[in-house]
Amino acid sequence: MTKRTTSPAGLIPAAQYIRMSTEHQRFSPDNQRAANKAFAAEHGYEIVATYQDSGKSGLTLKARPELKRLLSDVLSGAMPYKTILVLDVSRWGRFQDADQAAHYEFMCREAGVPVRYCSEAFDNDGGAMASIVKHMKRVMAAEYSRDLSIRVARAHRLQARLGYKQGGSPSFATIRQVVDEDGRPVMVLHPGQRKALSNHRVVIARGSASEVALVRRIFTMYAIQNLEISQICDWLKKKGKTERFGRLWAYSSIFKMLRNEIYLGVYVYGRRSNNLGKPETLPQSKWIRTTVMKPIVPPELFEAAASKLADRSRRPRSDEDLKRGLARLLSEEGYISGPLITKCSYLPLPITFTKRFGSLAKACKLVGYDKPVRVEGVHTRIYSDEDLKSELKRIQRENGRLSREIINRDKRSPSAAFFKRRFGGLRKAYSASGILQDKIPKRRIDLNPDGTPKSEAVLLDGLRRLFEEHGHLSRRMIDSSEAVPSSWLYCRKFGGDGAGLCACWLLQQSERNYEGSVRATAEAR
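Residues numbered from 1 in each chain as written. Predicted model: local features only at pLDDT ≥ 70, side-chain atom pairs only at ≥ 80, totals over all residues. Heavy atoms only, no water.

**With respect to the overall build of the protein**
Then, number 1: Counting its regular elements, the protein contains 22 helices and twelve strands.
Then, number 2: Taking the intrachain contacts of the protein between residues at least 6 apart in sequence as the baseline, contacts between residues at least 24 apart amount to 63%.
Then, number 3: A total of about 29000 Å² of accessible surface is found on the protein, and carbon and sulfur atoms cover 52% of it. (Helix = DSSP H or I, 4+ residues; strand = E, 2+ residues; numbered from the N terminus. Contact = heavy atoms within 4.5 Å. Areas by Shrake-Rupley, 256 points an atom, 1.4 Å probe, with all protein chains shown as cover.)

Put into structure tokens, the structure is as follows:
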């Protein structure tokens, strides 16, 4: 955002909002600036601030940081302008609910900063005709996005049926090959490169002979030699074999490889859809499968690997089986961690323990292991109560005081949450360590240098600066910042559990507030 705080005498200071979702020339930022400037000169405005979202979809507020910043400035009252200039209704947004665009415009108008559309035929004066036309324009903008999304998805599926790759990086041992209209090879695309001509297409082809041989070796080791995925990872590491870009082979990479039908020469497209920003997993009946090359792995070998994977996924594991496996891992390694479980051949992935027991830490407690949050080097240190007390004394000695933020910043000790879990609270941990609570100074950022409480405007301005720095707000962020008081003070000062602390917080929750207001209105009716 660019901003000026002065305006020539007689002119009304204004901000302009610019959004471009594609490289279409009509809606380029320069064209929008020119149109806004002409409108401002004709109607007595002086543009003193610019907010620009480039390459951003107008479907949601979440992905448009500059619009969120604009609303934040308007609601906080800390803005040098009196109106907002936008090229047209669609630049403000193509929200699928037309009332959502109206909601954000109402927020600005209620704060005394109305929105003016520079290239629309109506005056945004709140009149009946302007309201009707504006609502129709919003509905048309939303319908345009819906229709465009359907047409683009249909085109992608059609191209996939013809065997043309629809974006994404190629799998290991495959490459992206550009072909012309007659299917003749033109060039190989390297990472980050795109085809130059619209009549060219991208297909999947075999990669180097060494990569093809490695894929076949991995399938053979798993399906024929009956090795576990973790054992294959260890073998690859010992042989110095890496994925592309020098990454070490991971359990998940090999697991995905063993299920990837591209090694049968079949390109699969359409497992998921994300039309209008709504992700959805599609059933297999809607997937598109197209043969694009000769198999890298013989079909019999691929089916043998798939059968083994299916057998492992169907294997029932009771809670007792999982706990026995964790106990065995603890006795063998002396500690438990997510990466260690992932590599373990006789245990499922860590997500299984999270789903079954609530979290990996809770599962570890069931086998007598209090899982620390931090690690030292490669191995996780097991802390006794005396170790934790010594750590607290060291942190206080080095910092002169103790707090949750100071403990979390110390990289040599567990997090504050670990101390709370072990002793039942930080104050109890301090007492157990012989640290008197009255010697632990409290930060007094809520006071001015002369000892008087800071005003609400100063407190809100601190949160606003914090929001501008990070792009969002949370109670953890507020508590960890030394520039603002704790979130507890804001809750006490403004009421509630943090909701409505300031305009920035309201902005972060604006979509949720909007949906709630719509529900409330519907219930009232």
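Moving on from the coordinates now.
**Examining the packing of aromatic side chains**
Then, number 1: Taken as a whole and judged by the stated rule, the model has ten aromatic pairs.
Then, number 2: A connected cluster of aromatic rings, assembled from ring pairs, spans Phe-219, Tyr-263 and Phe-302.
Then, number 3: Over the ring of Tyr-164 we find Arg-201; its NZ or CZ atom is 6.0 Å from the centre of that ring.
Then, number 4: Sitting over the face of the ring of Trp-287, Arg-271 holds its NZ or CZ atom 5.2 Å from the ring centroid. (Phe/Tyr/Trp six-rings, centres within 6.5 Å; stacked < 30°, edge-to-face > 60°. Lys NZ or Arg CZ within 6 Å of the ring centre and 35° of its normal.)

**Here's the deal with the pattern of salt bridges**
Then, number 1: If you walk through the whole model with that rule in mind, you get 23 salt bridges.
Then, number 2: In this structure, Arg-184 and Asp-182 form a salt bridge, with 3.2 Å as the shortest nitrogen-oxygen distance.
Then, number 3: Taking the relative accessible area as the measure of exposure, Arg-184 reaches 49% and is therefore partly exposed.
Then, number 4: Note that Glu-320 and Lys-323 form a salt bridge whose closest N and O atoms lie 3.1 Å from each other. Pair noted here: Glu-320 and Lys-323 are both in helix H10 (residues 319-333), with a separation of three residues, about one helical turn. (Salt bridge = Lys/Arg side-chain N within 4 Å of Asp/Glu carboxyl O. Buried < 20%, exposed > 50% of the residue type's maximum accessible area, 1.4 Å probe, protein only.)

**Details of the packing of helix H7 (residues 229-238) against helix H8 (residues 251-259)**
Then, number 1: Across the interface, H7 lies against H8 with an axial gap of 9 Å and an inter-helix angle of 115°. Relative to H8, H7 is oriented roughly perpendicular. The two elements H7 and H8 meet at a crossing, and its hand is right-handed. Together, Ile-229, Ser-230, Ile-232, Cys-233 and Leu-236 of H7 and Tyr-251, Ile-254, Phe-255 and Leu-258 of H8 make up the contact between the two elements.
Then, number 2: Looking at side-chain class alone, the contact of H7 with H8 contains eight nonpolar, one polar and no charged residues. (Axes fitted to C-alpha atoms, helices over the stretch in contact; angles between N-to-C directions. Parallel < 35°, antiparallel > 145°, perpendicular 65-115°, else oblique. Left-handed = near helix turned anticlockwise from the far one by under 90°. Nonpolar A, V, L, I, M, F, W, Y, C, P; charged D, E, K, R; others polar.)

**Focus on the pairing of strand S7 (residues 185-189)**
Then, number 1: Direction of pairing for strand S6 (residues 174-179) relative to S7: antiparallel, over a ladder of four bridges. Across the sheet, Val-178 pairs through a bridge with Met-187, a residue of S7.
Then, number 2: A loop of five residues connects S6 with S7, the two strands running antiparallel in sequence, and Gly-183 in this loop sits at a positive phi of about 85°. (Pairing = 2+ DSSP bridges.)

**Topic: the sheet that holds S6**
Then, number 1: Spatially, three strands are ordered S7-S6-S8 in an open sheet, and the strand pairing comes out antiparallel. What marks the edges here is a single partner per strand, and that holds for S7 and strand S8 (201-206). Along the sheet, successive strands turn relative to each other by an average axial angle of 40°, direction set aside.
Then, number 2: With six bridges joining them, S6 and S8 adopt antiparallel strand pairing. Across the sheet, residue Arg-176 finds its bridge partner in S8, namely Ile-204.

**Re the side chain of Asp-88**
Then, number 1: The residue Asp-88 is located in the loop between strand S4 (83-86) and helix H3 (89-92) in this model.
Then, number 2: A polar atom in the side chain of Asp-88 sits 2.9 Å from the backbone nitrogen of Arg-91. (Polar contact = N/O pair within 3.5 Å; in protein donor to acceptor, adjacent residues only side chain to side chain.)

**Notes on H10**
Because the α-helix completes a turn every 3.6 residues, residues three or four places apart line up on one side.
Then, number 1: In a regular helix each residue adds 1.5 Å, so 15 residues correspond to 21 Å; H10 covers 21 Å between its end C-alpha atoms and thus fits that length.
Then, number 2: Within H10, the full set of buried residues consists of Leu-322, Gly-325, Leu-326, Leu-329 and Leu-330. For H10, the angular spread of buried residues about the axis comes to 135°, placing them on one side. In H10, the exposed positions angled more than 90 degrees off the buried face are occupied by Arg-324 and Ser-331.
Then, number 3: Of the surrounding elements, those touching the buried residues of H10 are helix H11 (338-343), helix H12 (350-357) and helix H13 (360-366). (Expected span 1.5 Å × (residues − 1). Arc of directions from axis to C-beta.)

**Here's the deal with the packing of helix H6 (residues 209-223) against H7**
Then, number 1: For the pair H6 and H7, interaxial distance at closest approach is 10 Å and the crossing angle is 140°. As far as their axial angle goes, H7 and H6 are oblique. For the crossing formed where H6 meets H7, the hand is right-handed. Contact with H6, carried on its side by Leu-214, Arg-217, Ile-218, Met-221 and Tyr-222, involves Ile-229, Ile-232, Trp-235 and Leu-236 of H7 and no other residues of that element.

**Overview of a nonpolar patch on the surface**
Then, number 1: On the surface, a nonpolar cluster with roughly 320 Å² of combined accessible area is contributed by Ile-132, Met-136 and Met-140.
Then, number 2: Its location among the elements puts Met-136 in helix H5 (residues 128-161). (Patch = residues over 30% accessible without salt bridge, like charges linked within 9 Å, V, L, I, M, F, W, Y side chains within 5 Å.)

**A few points about unusual backbone geometry**
Backbone phi values are negative for most residues with the exception of glycine, while trans is the configuration of most peptide bonds.
Then, number 1: Look at Ala-173: it is not a glycine, yet its phi comes out positive at around 75°.
Then, number 2: Relative to the assigned elements, Ala-173 resides in the loop between H5 and S6.
Then, number 3: For Ala-173, a relative accessible area of 0% gives the class buried.
Then, number 4: At Phe-245, a position not held by glycine, the phi torsion is positive, near 65°.

**With respect to the environment of Glu-468**
Then, number 1: On the secondary structure map, Glu-468 appears in helix H18 (residues 456-470).
Then, number 2: Glu-468 gets classed as partly exposed once you look at its relative accessible area, which sits at 28%.
Then, number 3: In sequence terms Glu-468 and Pro-65 are 403 residues apart; their C-alpha atoms lie 9.8 Å from each other.
Then, number 4: Not counting residues within four places of it along the chain, the set of residues in contact with Glu-468 comprises Arg-69 and Asp-73.

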